[in-house]
Amino acid sequence: MRFIADFHVHSKFSRATSKNLDLENLYIAARMKGIAVVGTGDFTCPQWMEEIREKLEPAEPGLFKLKESLEKACDARVPASCRGKTRFVLSVEISNIYKKNGAVRKNHNLILAPGTREAEALNARLDKIGNLRSDGRPILGLDARDLLEIMLETTDRGFFIPAHVWTPWFSLFGSKSGFDSIEECFGDLTPHIFALETGLSSDPPMNWRVSALDGLTLVSNSDAHSPMKLGREANLFDADLDYDDIVSAMKTGDPGRFLGTLEFYPEEGKYHLDGHRACGVRLSPDETRKLGDVCPRCGKPLTLGVLRRVDDLADRPLGQTPRKRHSYQSIVPLTDILSEIFKVGPGSKKVQRAYMSVLRNLGPELPILHSLPLDALAESGILPLREAVSRMREGNIRVLGGYDGEFGTVEIFKPGEREALFGQRTLFEMGPPPKSPAASKKPGALKKPAAPPPKKPRTPKPADAPEPVFNARQKAIVRAAPGPMRVSAGPGTGKTRALAGRIAYLIKEKGVAPQSILAVTFTQKAAAEMKARIARMIPHLKTPPCAATFHSFCLDVLQSAAKDDGDGRRFSIIDERERLSLVADAAAMAAEKGFDVSSRADELADGVARAKQALLFPESDLRNAARGMDPAELFAVYRAYQDLLSSQLLWDYEDLIFETCRLFESRPDVRDACEKRFAHILVDECQDLNFAQYRLIRLLAPPGKSVFLIGDPDQSIYGFRGSSPGYLKRFLKDYPEATRAGLDRNYRSTPTILDAAFKVIEKRRFDPSAPKVWSDLAGGAPVGIIRTRTEKAEAEAIVAAIERMTGGSGFFSLDSGRADGAVPAGNRGFSDFAVLFRTAAQGLEIKKAFDRSGMPCRLLSKKDAFFKKDLAPLICLFKWVHDCAPVLDMEAVFSRSKSGVGAKTARAFKMWRYQKGLGLSEAIRQAARLPLPGMGKAAQYKLTAFFQRIEGLRREMSGLSISDRLHRLAAFLKWEPSLESDPKTREGFERLIETARSANGSPRDFLDSLALETDSDVFDKRAEAISLMTMHASKGLEFPVVFIAGCEMGLAPFERAGEDEGPDERRDRLDEERRLFYVAMTRAGEELYLSHAERRMIRGRLVSAKRSGFVSEIDEGLRRDVDVFGDKNKAPRQTQYRLF
DNA sequence: GGCGCTAGCCTTTTT
DNA sequence: GGCTAGCGCC
Ligand SMILES: Nc1ncnc2c1ncn2[C@@H]1O[C@H](COP(=O)(O)OP(=O)(O)OP(=O)(O)O)[C@@H](O)[C@H]1O
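Looking up chain A in an unreviewed UniProt entry gives the name DNA 3'-5' helicase, with the organism given as uncultured Desulfobacteraceae bacterium. The record held by UniProt for chain A lists under Sequence similarities (unreviewed entry) the comment "Belongs to the helicase family. UvrD subfamily."

Participant: I keep staring at the pairing of strand E23 (residues 680–683) and nothing clicks. Help me out?
Facilitator: The side chains of a regular strand alternate between both faces of the sheet. Side chains His-680 and Leu-682 project from E23 onto one buried face, and the interleaved Ile-681 and Val-683 project onto a second face that is buried too. In terms of strand pairing, strand E19 (residues 517–521) meets E23 through 4 bridges, oriented parallel. Its bridge partner being in E23, Leu-518 is matched across the sheet by Ile-681. Looking at chain direction, E23 and strand E24 (residues 706–711) are connected through 4 bridges and run parallel. If you follow Val-683 over to E24, its bridge partner there is Leu-709. Once the chain exits E23 it traverses helix H27 (residues 691–700) before rejoining the sheet at E24, and the crossover so formed is right-handed.

Participant: Explain the protein's contact with DNA strand B here, please?
Facilitator: The local shell around DNA strand B holds 24 residues, among which Arg-838, Ala-840, Thr-905, Arg-1056 and Arg-1099 are the closest. In DNA strand B, the atoms that sit within 4 Å of the protein are 54% sugar and phosphate, with bases accounting for the remainder. A distance of 3.0 Å separates a base oxygen of DNA strand B from a polar atom in the side chain of His-551. Contacts to DNA strand B include Gly-902, whose backbone N or O atom sits 2.7 Å from a phosphate oxygen. Of the residues in the surface near DNA strand B, the class split is 7 nonpolar, 10 polar and 7 charged.

Participant: In this structure, what is going on with the domain arrangement of chain A? I would like to understand it.
Facilitator: Accessible area lost when the parts come together is the quantity often used to give the size of an interface. Structurally, chain A comprises domain 1 (2–313), domain 2 (334–422), domain 3 (479–568 + 656–743), domain 4 (572–648), domain 5 (783–861 + 1020–1138) and domain 6 (865–1014). Between domain 4 and domain 6, the contact holds 13 residues from the first and 15 residues from the second. Summed over both partners, the interface of domain 4 with domain 6 buries about 1300 Å², with 53% contributed by carbon and sulfur atoms. Our enumeration of links across domain 4 and domain 6 arrives at 3 salt bridges.

Participant: Looking at this structure, how should I read the site of the ligand?
Facilitator: If you check the shell around the ligand, you find 19 residues, and the closest are Gln-474, Lys-495, Arg-497, Arg-748 and Glu-1038. Within the backbone of Thr-493, one N or O atom sits 3.3 Å away from an oxygen atom of the ligand. In the environment of the ligand, an oxygen atom lies 3.1 Å from a nitrogen or oxygen atom belonging to the side chain of Gln-715. Out of a free accessible area of 640 Å², the ligand has 89% covered by protein chains. Counting residues per element, the shell around the ligand draws most heavily on helix H18 (residues 495–508), at 3 residues. Counted by class, the shell around the ligand contains 4 nonpolar, 9 polar and 6 charged residues. Looking at which domains feed residues into the shell around the ligand, each of domain 3 (479–568 + 656–743) and domain 5 (783–861 + 1020–1138) supplies at least three.

Participant: Mind showing me how you'd approach the packing of helix H22 (residues 601–613) against helix H25 (residues 653–666) here?
Facilitator: To describe two helices that pack against each other, one gives the angle between their axes and the distance between the axes. It is the contact of H22 with H25, at a shortest axis distance of 9 Å, that shows an interaxial angle of 25°. One element, H22, and the other, H25, form an angle in the roughly parallel class. Seen along the crossing, H22 lies across H25 with a hand that is left-handed. Judged by residue contacts, Ala-609, Lys-612 and Gln-613 of H22 engage Glu-654, Asp-655 and Phe-658 from H25. A breakdown of the residues in the contact of H22 with H25 according to their chemical character gives 2 nonpolar, 1 polar and 3 charged.

Participant: Sorry if this is basic, but what is going on with helix H20 (residues 550–564) here?
Facilitator: Note that an α-helix has 3.6 residues per turn; residues three or four places apart therefore point the same way. With 15 residues, H20 should cover 21 Å at 1.5 Å per step; its first-to-last C-alpha distance of 21 Å lies within 8% of that length. Taken as a whole, H20 has its buried residues at Phe-550, Phe-553, Cys-554, Leu-555, Val-557, Leu-558, Ala-561 and Ala-562. Gly-566 sits one or two residues past H20 and shows a positive phi near 70°.

Participant: How should the nonpolar core be read in this particular structure?
Facilitator: Looking at soluble globular proteins, one finds that nonpolar side chains tend to be buried together. One finds Phe-850 and Phe-1043 to be the most contacted residues of the largest nonpolar core, which totals 137 residues. Per-element accounting of this core gives the leading share, 8 residues, to helix H30 (residues 791–805). Look past the residues within four positions of Phe-850 in its chain and what remains in contact with it is Ile-798, Val-799, Ile-802, Val-835, Met-855, Cys-857, Ile-1026 and Leu-1028. Judged by nonpolar contacts, the second largest core, of 70 residues, contains Leu-622, Leu-656, Phe-664 and Tyr-694.

Participant: Would you mind showing me how to read the packing of H27 against helix H28 (residues 726–734) here?
Facilitator: Direction vectors running N to C along H27 and H28 enclose 25°, while the axes themselves pass 11 Å from each other. In terms of their interaxial angle, H27 and H28 are classed as roughly parallel. Read as a crossing pair, H27 and H28 show a hand that is right-handed. Two secondary-structure elements touch here, H27 through Phe-691, Tyr-694 and Arg-698 and H28 through Tyr-727, Arg-730, Phe-731 and Asp-734. In the contact of H27 with H28, the residues fall into 4 nonpolar, no polar and 3 charged.

Participant: Honestly, the pattern of salt bridges in this entry has me stumped. Any pointers?
Facilitator: Oppositely charged side chains may form a pair once their charged atoms are brought near each other. Tallying each qualifying case throughout the model produces 83 salt bridges. Linking Glu-51 and Lys-55 is a salt bridge whose minimum nitrogen-to-oxygen distance equals 3.6 Å. Within this pair, Glu-51 and its partner Lys-55 are both found in helix H2 (residues 46–55), separated by 4 residues, close to a single helical turn. Note on Glu-51: relative accessible area 13%, which makes it buried. One salt bridge in this structure joins Glu-1113 and Arg-1074, with 2.6 Å as the shortest N-O distance. Of this pair, Glu-1113 sits in the loop between helix H43 (1109–1112) and strand E33 (1119–1122) while Arg-1074 sits in helix H42 (residues 1063–1081), placing them 39 residues apart in sequence. Owing to a relative accessible area of 22%, Glu-1113 belongs among the partly exposed residues under this scheme. Given a relative accessible area of 12%, Arg-1074 falls into the buried group. When salt bridges that share partners are traced, they join Arg-209, Asp-286, Arg-289, Asp-293, Arg-308, Asp-311 and Asp-312 into one network.

Participant: I keep staring at the environment of Pro-539 and nothing clicks. Help me out?
Facilitator: You can see Pro-539 is positioned in the loop between helix H19 (524–537) and strand E20 (546–549). Taking the C-alpha atoms as reference, Pro-539 lies 36 Å from Asn-131; in sequence the two are 408 residues apart.

Participant: Honestly, the packing of aromatic side chains in this entry has me stumped. Any pointers?
Facilitator: Aromatic rings considered in pairs are described by the distance between their centres and by the relative angle of their planes. Inspection of every chain in the model, using the stated rule, returns 27 aromatic pairs. Their ring planes at 80° and their centres at 6.0 Å tell us that Phe-7 and Phe-237 sit as a pair that is edge-to-face. Of this pair, Phe-7 sits in the loop between strand E1 (2–6) and helix H1 (23–33) while Phe-237 sits in strand E11 (residues 234–238); the two residues are 230 residues apart in sequence, bridging distant segments of the chain. Exposure remark for Phe-7: the relative accessible area of 1% places this residue in the buried category. A residue is classified by how much of its surface remains accessible, and Phe-237, at 0% relative accessible area, is buried.

Participant: Mind showing me how you'd approach the sheet that holds E23 here?
Facilitator: What links the strands of a sheet is backbone hydrogen bonding, and the strands pair in either a parallel or an antiparallel sense. Read from one edge of the open sheet, 6 strands run E20-E19-E23-E24-E18-E25, paired in parallel fashion. Single-partner strands in this sheet number two, and they are E20 and strand E25 (739–743). Strand-to-strand twist of the sheet, defined as the mean angle between neighbouring strand axes without regard to direction, takes the value 15°.

Participant: It is not clear to me how helix H21 (residues 576–592) should be interpreted in this structure. Could you clarify?
Facilitator: The first and last C-alpha atoms of H21 sit 24 Å apart over 17 residues, in line with the 24 Å expected at 1.5 Å per residue. Listed in full, the buried residues belonging to H21 are Glu-578, Arg-579, Leu-582, Val-583, Asp-585, Ala-586, Ala-587, Ala-588, Met-589 and Ala-590. For H21, the N-terminal capping position is held by Asp-575, with its side-chain oxygen 3.1 Å away from the main-chain nitrogen of Arg-577. A positive backbone phi angle near 100° is found at Gly-594, which sits one or two residues after H21.

Participant: Explain the side chain of Arg-838 to me, please; I cannot follow it from the model alone.
Facilitator: Tracing the backbone through its elements, the reader meets Arg-838 in the loop between strand E27 (833–837) and helix H31 (840–853). Overall, Arg-838 belongs to the buried group, its relative accessible area being 17%. For Arg-838, the side chain forms a polar contact with the side chain of Glu-1073, separated by 2.6 Å. Contacts of Arg-838, omitting those with residues within four sequence positions, involve Met-1031, His-1032, Leu-1051, Phe-1054, Glu-1073 and Leu-1076.

Rules used in this analysis
- Residues numbered from 1 in each chain as written.
- Chains lettered and ligands numbered in written order.
- Predicted model: local features only at pLDDT ≥ 70, side-chain atom pairs only at ≥ 80, totals over all residues.
- Heavy atoms only, no water.
- UniProt positions renumbered as here; feature names shortened; annotations may be inferred.
- Buried < 20%, exposed > 50% of the residue type's maximum accessible area, 1.4 Å probe, protein only.
- Helix = DSSP H or I, 4+ residues; strand = E, 2+ residues; numbered from the N terminus.
- Pairing = 2+ DSSP bridges.
- Right-handed = clockwise from strand over helix to strand, strands pointing away.
- Near = heavy atom within 4 Å.
- Polar contact = N/O pair within 3.5 Å; in protein donor to acceptor, adjacent residues only side chain to side chain.
- Nonpolar A, V, L, I, M, F, W, Y, C, P; charged D, E, K, R; others polar.
- Domains from an automatic or database assignment.
- Contact = heavy atoms within 4.5 Å.
- Buried area = accessible area lost by both parts, 1.4 Å probe.
- Salt bridge = Lys/Arg side-chain N within 4 Å of Asp/Glu carboxyl O.
- Areas by Shrake-Rupley, 256 points an atom, 1.4 Å probe, with all protein chains shown as cover.
- Axes fitted to C-alpha atoms, helices over the stretch in contact; angles between N-to-C directions.
- Parallel < 35°, antiparallel > 145°, perpendicular 65-115°, else oblique.
- Left-handed = near helix turned anticlockwise from the far one by under 90°.
- Expected span 1.5 Å × (residues − 1).
- Core = buried A, V, L, I, M, F, W, Y, C linked by side-chain atoms within 4.5 Å.
- Phe/Tyr/Trp six-rings, centres within 6.5 Å; stacked < 30°, edge-to-face > 60°.

Now the structure itself:
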């Protein structure tokens, strides 16, 4: 069967598309155009998918049709002459923006799916990579190759077509951010590319000039953003109405089944010629080359069009064709033809009426333009139509080429010619067609001088290369003789690099066994970075050195020591929530015992942590740890807390260090073994050492040991958990033989950024005599200061600025006409940006703004706080029925499951069992027999009855998978309603199920992976995204462009109302705030922006705040005010956006 | 003693 | 915008 197909369209859920793009209107438009197979577009968009499921039903294999009743209603709105079959095929266009080979790449890709199951499977994968909701054409920070791979992993029947491959901004071969070959883009997966979409600005003859495309099927689609644009380009098939046959026709290019394409005149496309829109300069490629690619009016670079780009990559002259090719027909939309005939706009009432009348008389549009015998056109009732279509089919028309985002214009009749031929009033009369006048020539005649492809000014990032480069001072550190050594150096001076280099040096040149090296830091991220750098310097190491955080190293020591001792107990590590809850319980027990407990649980918890960080036992002198509290109170709570922990085999984070120190002190044999094992110890970020961690190092490093500390005292930001750069000085006292070294050359930031940051830290430096860090990187844009009215406007400003700097990520293209403004337009990738802020809560508003924009971002935050709270009863119940301590949220379980057991009974039970030191199961057993103190008979009856229900539940668990168990427990907690109604709860539950699936082991493993779940696990590592994080979390990282949000008094430096602190305490705290700001500023490489809002919601209260004092301390010459939005205080959103 | 509702309170940073 | 204490009703 012969038919026309258009696969690339969009729904109303895509940006800047017509609001009436629903399935009914797509159907109606397809009928009027004569299209039998139309893409749904946007199948990754959940809202659109919902409509698809609601309104479509399966028809022929892999195809869908409008449901009968809808179809009937739609047919009534279509001229009878146009009625016929129209089928839908699931399709989507994805915008890929990513870095490859050191350059930012942006391309669009079309995917066809054989069915909803396959589409949903793909959606599930992509959902983890980017935001599928906010844009029907999702923007993913994902390599196009990886997208193809994900599609292939999901279904072997999907079909992948690089879209409009020549457009400058967003395409495979685009001059701005494309590739020079398919292989460069798709690498090993190139054989899975069978077809290319030529796009509006190119036609088959242009593509035939590139021999590398021989053998690929050139397809054409409309990329319609409104129903009536449907089919302005399309494909002709003679195939079965069947997804697989259609796809196979395109895959093979079988000329019997894929007949060819209907093409827009390429000159009409927005980017056909070269030019500069702001100056109204339109040029052919040859002219542009002569001008050296700059605008003759203003000297700015010209936007090079498709013709030029093809010319650059072509290896054949125009007219020479490959052996295998398909025929094509260039068409002009009927409304444009009518518009010219009537000399009124294509959207005018007059043209619309004429359009409908032509359709009523002759049938659908595309056959009229393409194949209807000319004589039949005489039936149209519009006299010049026959002549116009005839000229169009022969290419006998004049087209003024489009350039730099400006559409081209078509002219079928020369000025005055139309009137001369037909007279003014005869348009609607029948008449014999007049003779065709001579053809006019198309502009931009193609002659190709043998010019080499232009070199792109792209500098590969050093990060992609191995890192063997060290300056002289770094080299001295790397190669220093083993022994105690302390390096103190500023930001970006290559501390981490030197540490990794030293490890590589020890292994490679000194023959040190990798396993005898211990490298420790403080965060998982830093440890991972260390590992990665070592691996890059010495790849293929069988046993890599131990690179870990203090905490994971200690856990390892404790566990292996227990194993060696035959101690089979397994301790669990509790998280912050559990710690607070247990401290509260401990406080209650202490109060029960008659202690006067008046402090809040979180203060007590801090006190306990401080004590442990100082290696103090409950019985020790707690006066320092107690701060404002009564030491006796802290003693009682600390002791009760330790009892609770040890009776349930629990450790908190502090215990890991504390217990390891204790182990080493009480068991010299264990200490000796560990000390021998690790002949070399290296500590990164050593300004963050606290007392316990420093003690640990001393225990492992007797005098003369090869122990290497590297850090920057001005970056010490964890004083609130006991860290102090003082241990750097202390180290020199304890190891008088230690070598000292420093570094002062920064390789990260421009001098301007360094100067600005130095201004902030200058007065409060740890060592005022230390040399100032310098850099000679080029480019010194001043620090941008952004001021907005509200925090919401601040978030929008940051989003808009990043949008501009990425060169527009999809919904507005960055034609040179709009590339002015306060923020440099650019061509950066998402991973080049970080947005930093003081409090995690600020990140939420910023995240929302990014989600609205559709740009991919990653909020790195404490994962539990936001989603574990809702899930607490479920997780608690899970632990309960699997006998995994600690079961801490019993009250929530009681109330959720309508047990009739209230807080008071729960409390009495808990206190009783804690006092008796009973495990949960033993306590439950006894509660069934003995009367419990402080509890009435009725209450105890309800309690024990509930315990029996739990027993029953426990029995139900056997044989079920983890996720089935979770579902069963959720039902027990009567959770379905809130899963339905509350999206947050649902999301949390889904994440839980996801974790359960991937853990796929014992319940214990599931709980462990839940405890370890970091945000990065939730995201696909292949995807690039803008990083959103707290200033603290940014330590050790670097980004070319950094935004620091919330640069206001109260946030930077942070102030808490009603804080009672002494002057010394306050000074120390403010100094740390200052260092934190310094850390944040020095993350930036090339550009730094500090934003502040005049008003912001804090605690539900609108608070006004002045700009941060830190900003004022930066010399005015080093900063400048930036107005992201220009005059309007509004984002340039939803700019009228038309197709390429 | 449980349960639902409201008013008023408070919210840093992390292993 | 979320959490808890306290109130009144069952
Ligand atoms: N000798 C060098 N030549 C070129 N680049 C270097 C050199 N030394 C370090 N760099 C680069 O400088 C940047 C900063 O290095 P690194 O992260 O090791 O610094 P750091 O001192 O640990 O920084 P910070 O304390 O701010 O976290 C990195 O991108 C690194 O690759």
